[in-house]
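# Coordinate analysis (summary)
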Amino acid sequence: RPHTGRDALQRRQQALARIVDDLARTPEVVQAFGRSGTADLRVTVACRDTDHLFRIDAAILAIDGVERTETSLSMGELIPYRLRPLIEKQRRGPR
């Protein structure tokens, strides 16, 4: 089973479209979000191991316009993506 890594990217302001295009051409990039705060993008990658994550991170850093990344490796999923509790709360109405 692949591991999940997360990269928080800081970029030059005018480079967003080009960076997104380059990220989309990277097979290991499985998702990306624009963010507010200190990082401009949050990128989720699939990797085989920490060495693979290191190589993916290096490839992302090589994209023109990416100034910095902060990388983390997910150690395990504690709460899977879910909507049922939210939907059930909405059905019950405000309390």
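Just so you know, these numbers come straight off a predicted model, no measurement behind them.

## Comments concerning the nonpolar core
- Of all hydrophobic cores here, the largest spans 14 residues; its most connected members are L9, I19, L23, L41, V43, V45 and I60.
- Put simply, the parts of the chain that give this core at least two residues each are α1 (16-24), β3 (41-47) and α2 (50-61).
- When residues of this core are assigned to their parent elements, the largest contribution, four residues, is made by β3.
- Excluding residues within four positions of it along the chain, V43 makes contact with G5, R6, D7, L9, L23, V29, Q31, A32 and I60.

## Examining the pattern of salt bridges
- Considering all chains together, one arrives at three salt bridges under this definition.
- In this structure, the salt-bridge partner of R12 is D64, at a minimum N-O distance of 3.2 Å. Of this pair, R12 sits in the loop between β1 (3-11) and α1 while D64 sits in the loop between α2 and β4 (66-73), placing them 52 residues apart in sequence.
- Here R12 falls in the partly exposed class, since its relative accessible area comes to 36%.

## Overview of the sheet that holds β4
- Within the open sheet, the four strands sit side by side as β2-β3-β1-β4. Their pairing is antiparallel. Since the sheet does not close on itself, it has two edges, and those belong to β2 (29-34) and β4, each with one partner. Within this sheet the neighbouring strands show an average axis-to-axis angle of 20°, counted without direction.
- Relative to β3, β1 is paired through seven bridges, and the arrangement is antiparallel. Residue pairing for β3: A8 is matched across the bridge by R42.
- Where α2 meets the sheet, it contacts β1, β3 and β4, and its direction lies at approximately 160° from that of β4.

## Section: the environment of L53
- Tracing the chain through its elements places L53 in helix α2.
- Taking the relative accessible area as the measure of exposure, L53 reaches 8% and is therefore buried.
- As for L53 and D7, which are separated by 46 residues in sequence, their C-alpha atoms are 9.8 Å apart.
- Sequence-distant contacts of L53, that is, excluding residues within four places in its chain, are made with G5, V45, C47, T71, S72 and L73.

## Here's the deal with the confidence of the model for the protein
- Of all residues in the protein, 99% have pLDDT values of 70 or greater, and the mean over the chain is 91.
- β1 is the least confidently modelled element of the protein, averaging 88 in pLDDT, while α1 averages 95, the highest of any element.

## Looking at the environment of E70
- Residue position: E70 is located in strand β4.
- Linking E70 and Q14, residues 56 residues apart in sequence, is a C-alpha distance of 20 Å.
- In this structure E70 touches R6, D7 and A8, once residues within four positions along its chain are discounted.

So, how was this worked out
Residues numbered from 1 in each chain as written. Predicted model: local features only at pLDDT ≥ 70, side-chain atom pairs only at ≥ 80, totals over all residues. Heavy atoms only, no water. Core = buried A, V, L, I, M, F, W, Y, C linked by side-chain atoms within 4.5 Å. Buried < 20%, exposed > 50% of the residue type's maximum accessible area, 1.4 Å probe, protein only. Helix = DSSP H or I, 4+ residues; strand = E, 2+ residues; numbered from the N terminus. Contact = heavy atoms within 4.5 Å. Salt bridge = Lys/Arg side-chain N within 4 Å of Asp/Glu carboxyl O. Pairing = 2+ DSSP bridges. Axes fitted to C-alpha atoms, helices over the stretch in contact; angles between N-to-C directions. pLDDT = per-residue confidence, 0-100.

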